[in-house]
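Fold and geometry: a report
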Amino acid sequence: MESHGTPLIDGFGRLHNNLRVSVTDRCNIRCLYCMPEKNVEFVPRAEILSFEEIERFVRIAAGLGVTKVRITGGEPLVRRDLDRLVRGLASIEGIREIALTTNGVLLAEQAEALRRAGLRRLNVHLDTLDRAKFVELTRRDELPRVLAGLEAAERAGFESIKINAVAVRGLFETDIVPLARFGREHGFQIRYIEFMPLDAQGLWDRSRVLLMEDILRVLGEEFGPLEPAPDPDPRAPALEYRFPDGRGSVGFIASVSRPFCLNCNRIRLTADGHLRYCLFALEETEVKSLLRGSAGDAEIRERIRRTVAAKWLGHEIQQAGFVPPPRPMYAIGG
Ligand code: SAM
Ligand code: SF4
């Protein structure tokens, strides 16, 4: 593969090889910790990067040492023919892993085609197995379709299916154990994600974060104490714990109680073509005009390098003066 000089190392010595690509800010449900219920302002379609523009960007990033791409959104499966993008990305030299984060609503129709296109890993977002509660959390009655999507994904033979569940204090406590049981039955790892200050309605408050230690305690009371699992990839954000009977494990994305910034290897491309060095960054670098204009690859490479070089040490959710980013989760790409 054509490599272009030194890899992407920031001012704190962190190597960046992981790119999250948001393909849309639109979504077919309205999770209350992400989107407003009504009057969501979406980016005009003409501003959204085409698959060809995304592929060009990923090819350039691969030349700088990016090896992993996660496709996200908004809801990526609302983007028509997403399997075409997966196939394009899978053919880029240097890209070794492609993953997708989805809410699963449209997965039943697309799982097979995505798997055939080269997608190997899936994260399906599901906070509850209770239909009425699902409607309360997402303002849409789509639980049956998400469950059908998971079944289709199992049949399609993905290498890994994980379930992302956002832990909001006062809402999520009763779902901890049913989800864990469901995960153990199907071989899905449940990933409990601490509620982050990225919601569009300003609901976030420190007191509304259900912490990893609280969830571990509830799981321990039900299944016996869980044991930390040896970490195969110390740069991955999740902390893994095994059930005491050896049947499966859970993961925690403890961004609030145990920030993992020191190990961060990620950059993010938004659906409207802005590059971000952190989910919580207050600044971003515009790359769409370069991808659309007459800029050569070298100019785009330079922007990627500059973005990584400008990266901060980490977010400061723990600090009193923390300022949330102007874009909510769905507009960044979680
Ligand atoms: N629509 C897809 C989905 O829901 O999986 C992909 C995009 S979504 C923004 C990516 C992930 O962000 C989801 O798994 C969701 O659980 C998580 N998420 C959304 N809002 C969050 C918040 N305020 N705090 C923590 N995680 C959040
Ligand atoms: Fe849509 Fe995902 Fe945000 Fe839920 S978390 S509203 S599914 S983008």
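Look up: the structure comes first, before these words.
Figured I'd write up the structure that's included with this text. (Residues numbered from 1 in each chain as written. Chains lettered and ligands numbered in written order. Predicted model: local features only at pLDDT ≥ 70, side-chain atom pairs only at ≥ 80, totals over all residues. Heavy atoms only, no water.)

Concerning the overall build of the protein
Cut-off, in case you're wondering: Only DSSP runs of H or I covering at least 4 residues are called helices, and only runs of E covering at least 2 are called strands; the numbering of each starts at the N terminus. Only C-alpha atoms enter the radius of gyration, while the globule expectation follows 2.2 Å times N to the 0.38, with N the number of residues. A simple rule labels every residue: compare its accessible area, found with a 1.4 Å probe on the protein chains alone, to the largest value its type can have, and call it buried under 20%, exposed over 50%, or partly exposed in between. Pairs of residues are marked as contacts when any of their non-hydrogen atoms sit within 4.5 Å. Exposure was quantified through the Shrake-Rupley algorithm and a 1.4 Å probe, taking into account, for residues, occlusion by the shown protein chains and nothing else. Charged residues are defined here as Lys and Arg on the positive side and Asp and Glu on the negative side; His and the ends of the chain fall outside this count. In this description, the location of a charge corresponds to atom NZ of lysine, CZ of arginine, CG of aspartate or CD of glutamate.
Within the protein, the regular secondary structure consists of 10 helices and 12 strands. Relative to the globule expectation of 20 Å for 334 residues, the C-alpha radius of gyration of the protein, 19 Å, shows essentially globular dimensions. Counting across all 334 residues of the protein, residues that qualify as buried make up 57%. Considering only intrachain contacts with a sequence separation of at least 6, the fraction spanning at least 24 residues in the protein is 74%. For the protein, the computed accessible surface area is about 14300 Å², with 49% contributed by carbon and sulfur atoms. Positive and negative side-chain charges in the protein, numbering 48 and 47 respectively, have mean positions lying 2 Å apart.

Describing the site of ligand 2
What counts is decided by this rule: Being near a molecule or strand, for a residue, comes down to having at least one heavy atom within 4 Å of it. Side-chain classes are defined by residue name, with Ala, Val, Leu, Ile, Met, Phe, Trp, Tyr, Cys and Pro counting as nonpolar, Asp, Glu, Lys and Arg as charged, and the others, Gly among them, as polar.
Close contacts around ligand 2 come from C27, I29, C31, C34, M35, G74, N103 and H125, and that covers them all. Each residue belonging to the shell around ligand 2 can be placed in one class, and the counts come to five nonpolar, three polar and no charged.

Quick look at the site of ligand 1
Our working rule: Here a polar contact is recorded for every N or O atom pair within 3.5 Å, except that within protein the pair must consist of a potential hydrogen donor and a potential acceptor, and residues adjacent in sequence are included only if both atoms are side-chain atoms.
The local shell around ligand 1 holds 18 residues, among which Y33, G74, H125, N164 and M196 are the closest. Within the contact set of ligand 1, a nitrogen atom lies 3.0 Å away from a backbone nitrogen or oxygen of G74. The backbone of T102 places a nitrogen or oxygen atom 3.4 Å from an oxygen atom of ligand 1. Taking 530 Å² as the accessible area of ligand 1 by itself, protein coverage stands at 96%. Those elements that provide at least two residues to the shell around ligand 1 are β3 (97-102), β5 (160-167) and β6 (189-194). Across the shell around ligand 1, the residue classes break down as seven nonpolar, nine polar and two charged.

A look at the packing of helix α3 (residues 107-117) against helix α5 (residues 143-156)
The packing of two helices is summarised by the inter-axis angle and the distance between the axes. We apply this condition: Think of each axis as a best-fit line through the C-alpha atoms, taken over the contacting stretch in the case of a helix, with angles from 0 to 180 degrees between the N-to-C directions. Roughly parallel refers to an angle under 35 degrees, roughly antiparallel to one over 145, roughly perpendicular to one between 65 and 115, and oblique to any angle outside these ranges. Note: crossing handedness is left-handed where the near helix turns anticlockwise from the far helix by less than a right angle, and right-handed where it turns clockwise.
Close contact between α3 and α5 brings their axes to 8 Å; oriented N to C, the two are set at 20°. Considering their axes alone, α3 and α5 lie roughly parallel with respect to each other. Where α3 crosses over α5, the handedness of that crossing is right-handed. The segment α3 lies against α5, with L107, A108, E109, A111, E112 and R115 engaging R145, A148, G149, L150, A152, A153 and A156. When its residues are assigned to classes, the contact of α3 with α5 shows eight nonpolar, one polar and four charged.

Digging into empty space enclosed by the protein
Condition: Residues are called lining when one of their atoms sits within 4 Å of a cavity or pocket point, these points coming from a 1 Å grid over the protein atoms alone, where a cavity is a set in which a 1.4 Å probe fits but cannot get out and a pocket is an open set with protein on both sides within 12 Å along at least five of seven lines. Grid points are joined across faces, edges and corners, and a volume is the space filled by probe spheres set on the points.
Under the criterion given, the structure shown has two cavities of 30 Å³ or more. Roughly 60 Å³ of volume is contained in the largest cavity. I29, C31, Y33, N103, H125, L126, D127, T128, F134, L137 and T138 are the residues that line the largest cavity. Looking at the lining of the largest cavity element by element, the count peaks at three residues for helix α4 (residues 131-138). Along the lines of polarity and charge, the residues of the lining of the largest cavity split into six nonpolar, four polar and one charged. The volume enclosed by the second largest cavity comes to roughly 40 Å³. If you trace the second largest cavity, you find it lined by Y33, D127, K133, L137, V166, V168, L171, F172 and D175. Residue classes in the lining of the second largest cavity are distributed as six nonpolar, no polar and three charged.

Examining the sheet that holds strand β12 (residues 285-286)
How we decide: Criterion used throughout: strands pair if DSSP finds at least two bridges between them.
Within the open sheet, the 12 strands sit side by side as β7-β8-β9-β6-β5-β4-β3-β2-β1-β10-β11-β12. Their pairing is mixed. One side of each edge strand has no neighbouring strand; the edge strands of this open sheet are β7 (227-228) and β12. By the bridge criterion, four bridges tie strand β2 (residues 68-72) to β3 in an arrangement that is parallel. Counterpart to I71 in the pairing with β3 is L100. This element, helix α2 (residues 82-90), spans β2 and β3 of the sheet and lies at about 170° to β2.

Overview of the packing of α2 against α3
Where α2 contacts α3, the axes come no closer than 8 Å and their chain directions differ by 15°. Between α2 and α3, the interaxial angle falls into the category roughly parallel. For the pair α2 and α3, the crossing hand works out as right-handed. In this structure, α2 uses L82, D83, V86, R87 and A90 to contact α3, whose residues at the interface are Q110, A113, L114, R116 and A117. Among the residues forming the contact of α2 with α3, the class breakdown is six nonpolar, one polar and three charged.

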